[in-house]
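Here are the chains, one letter per residue:
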Amino acid sequence: MESRASAAPAPRALPYYVAFSQLLGLTVVATTGAWLGLYRGGIAWESALQFNVHPLCMVIGLVFLQGDALLVYRVFRNEAKRTTKVLHGLLHVFAFIIALVGLVAVFDYHRKNGYADLYSLHSWCGILVFVLYFVQWLVGFSFFLFPGASFSLRSRYRPQHIFFGATIFLLSLGTALLGLKEALLFKLGKLGLSQNDIPPTP
């Protein structure tokens, strides 16, 4: 009977690790918002600031919320397993929707300003991560929530689901760092190059 997420006792230090992870995640989101507000003009959809929606949504969705979704089974290990599954799935849904808004924002910004899409390593890594994330969610939903696979099939797939979940999260972090590096390089390029030498990028 799967009434509980786990019967194993939680490590004594787990609440401190979880609290630290939440503090760190919220700090990353707040720092990203402050950076966009103080140094990149803020956020708006119908203006030149539309591009700034992209990094904020990606950090909230694919870094903070995805990380929280991965922690659910550790934090609520003694709760009803069905409840934990639903919470895990919902956090991933919210992360996906927010990340989708971020993707729409950057593609729409490029279209309005005549910029090329997918012109950098960050762009291609981002698309790959987003597609992998969506596929992982669809497969996980069909295996563990609805319609749900047999118990033996779920048991065989669970290690792969955990592995790919952690891998996609790490890829999300790497892609976010690539994006920040790219923004820094464009900023430095604009400071050191003439206007004619600057590529047509945000």
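The shown structure was predicted, so the numbers you read here are calculated from the model rather than taken from an experiment. (Residues numbered from 1 in each chain as written. Predicted model: local features only at pLDDT ≥ 70, side-chain atom pairs only at ≥ 80, totals over all residues. Heavy atoms only, no water.)

1. Concerning the confidence of the model for the protein
Then, in step 1: Chain-level pLDDT for the protein is 88 on average; 89% of the residues reach the 70-or-more range.
Then, in step 2: Here helix 5 (residues 151-192) is the element of the protein with the lowest mean pLDDT, 90, and helix 2 (residues 53-75) is the one with the highest, 96.
Then, in step 3: Low confidence marks residues 193-201, where pLDDT is under 50. Its contacts with residues over four positions away, or in another chain, come to eight contacts. (pLDDT = per-residue confidence, 0-100. Helix = DSSP H or I, 4+ residues; strand = E, 2+ residues; numbered from the N terminus. Contact = heavy atoms within 4.5 Å.)

2. Observations regarding the UniProt feature "transmembrane region" (unreviewed entry) in the protein
Then, in step 1: The sites that carry the UniProt feature "transmembrane region" (unreviewed entry) are, in the present numbering, residues 14-38, 58-76, 88-107, 127-149 and 161-180.
Then, in step 2: Regarding residues 88-107, the helix share stands at 100% and the strand share at 0%, and the terminal C-alpha atoms are separated by 29 Å. (UniProt positions renumbered as here; feature names shortened; annotations may be inferred.)

3. A few points about the packing of aromatic side chains
Then, in step 1: For the structure on display, the rule yields ten aromatic pairs.
Then, in step 2: When the centroid spacing of 6.3 Å and the interplanar angle of 55° are considered together, the rings of Tyr 119 and Phe 186 count as tilted. Remark: Phe 186 occurs in helix 5 and Tyr 119 occurs in the loop between helix 3 (81-113) and helix 4 (121-144); sequence separation between them is 67 residues.
Then, in step 3: Grouped by ring-pair contacts, the aromatic residues Phe 51, Tyr 109 and Tyr 115 constitute a single cluster. (Phe/Tyr/Trp six-rings, centres within 6.5 Å; stacked < 30°, edge-to-face > 60°.)

4. Thoughts on the packing of helix 1 (residues 14-39) against helix 2
Then, in step 1: Close contact between helix 1 and helix 2 brings their axes to 10 Å; oriented N to C, the two are set at 175°. Taken together, the axes of helix 1 and helix 2 lie roughly antiparallel to each other. In contact with Leu 14, Val 18, Ser 21, Gln 22, Gly 25, Leu 26, Val 28, Val 29, Thr 32, Gly 33, Trp 35 and Leu 36 of helix 1, helix 2 contributes Pro 55, Leu 56, Val 59, Ile 60, Phe 64, Asp 68, Leu 71, Arg 74 and Val 75.
Then, in step 2: Looking at the contact of helix 1 with helix 2, its residues break down into 14 nonpolar, five polar and two charged. (Axes fitted to C-alpha atoms, helices over the stretch in contact; angles between N-to-C directions. Parallel < 35°, antiparallel > 145°, perpendicular 65-115°, else oblique. Nonpolar A, V, L, I, M, F, W, Y, C, P; charged D, E, K, R; others polar.)

5. Structural notes on helix 2
Then, in step 1: Here helix 2 spans 31 Å end to end across 23 residues, near enough to the 33 Å set by a 1.5 Å rise per residue.
Then, in step 2: Of all 23 residues that make up helix 2, 17 are buried, and the element is covered over most of its length. (Expected span 1.5 Å × (residues − 1). Buried < 20%, exposed > 50% of the residue type's maximum accessible area, 1.4 Å probe, protein only.)

6. So, a nonpolar patch on the surface
Then, in step 1: The grouping of Trp 45, Ile 97, Leu 100, Val 101 and Val 104 at the surface amounts to a nonpolar patch, some 390 Å² of accessible area in total.
Then, in step 2: On the secondary structure map, Val 101 appears in helix 3.
Then, in step 3: Using a relative accessible area of 36% as the deciding quantity, one classes Val 101 as partly exposed. (Patch = residues over 30% accessible without salt bridge, like charges linked within 9 Å, V, L, I, M, F, W, Y side chains within 5 Å. Areas by Shrake-Rupley, 256 points an atom, 1.4 Å probe, with all protein chains shown as cover. Salt bridge = Lys/Arg side-chain N within 4 Å of Asp/Glu carboxyl O.)

7. Things to note about helix 4
Then, in step 1: If you check helix 4, its first and last C-alpha atoms are 34 Å apart, about what 24 residues at 1.5 Å a residue would give, namely 34 Å.
Then, in step 2: Turning to helix 4, its buried residues number three or more, namely His 122, Ser 123, Val 129, Phe 130, Tyr 133, Gln 136, Gly 140, Phe 143 and Phe 144.

8. Some points on the nonpolar core
Then, in step 1: Counting 17 residues, the largest nonpolar core has Met 58, Leu 62, Leu 65, Leu 91, Ala 99, Phe 130 and Tyr 133 as the members making the most contacts within it.
Then, in step 2: No other element matches helix 2, which puts seven residues into this core.
Then, in step 3: Setting aside anything within four residues of it in sequence, one finds Ala 99 in contact with Cys 57, Met 58, Leu 62 and Phe 130. (Core = buried A, V, L, I, M, F, W, Y, C linked by side-chain atoms within 4.5 Å.)

9. Quick look at the packing of helix 2 against helix 3
Then, in step 1: Running from amino to carboxyl end, helix 2 crosses helix 3 at an angle of 165°, the nearest separation of the two axes being 8 Å. Classified by the interaxial angle, the pair formed by helix 2 and helix 3 is roughly antiparallel. For the crossing formed where helix 2 meets helix 3, the hand is left-handed.
Then, in step 2: Partitioning the contact of helix 2 with helix 3 into residue classes produces 20 nonpolar, seven polar and two charged. (Left-handed = near helix turned anticlockwise from the far one by under 90°.)

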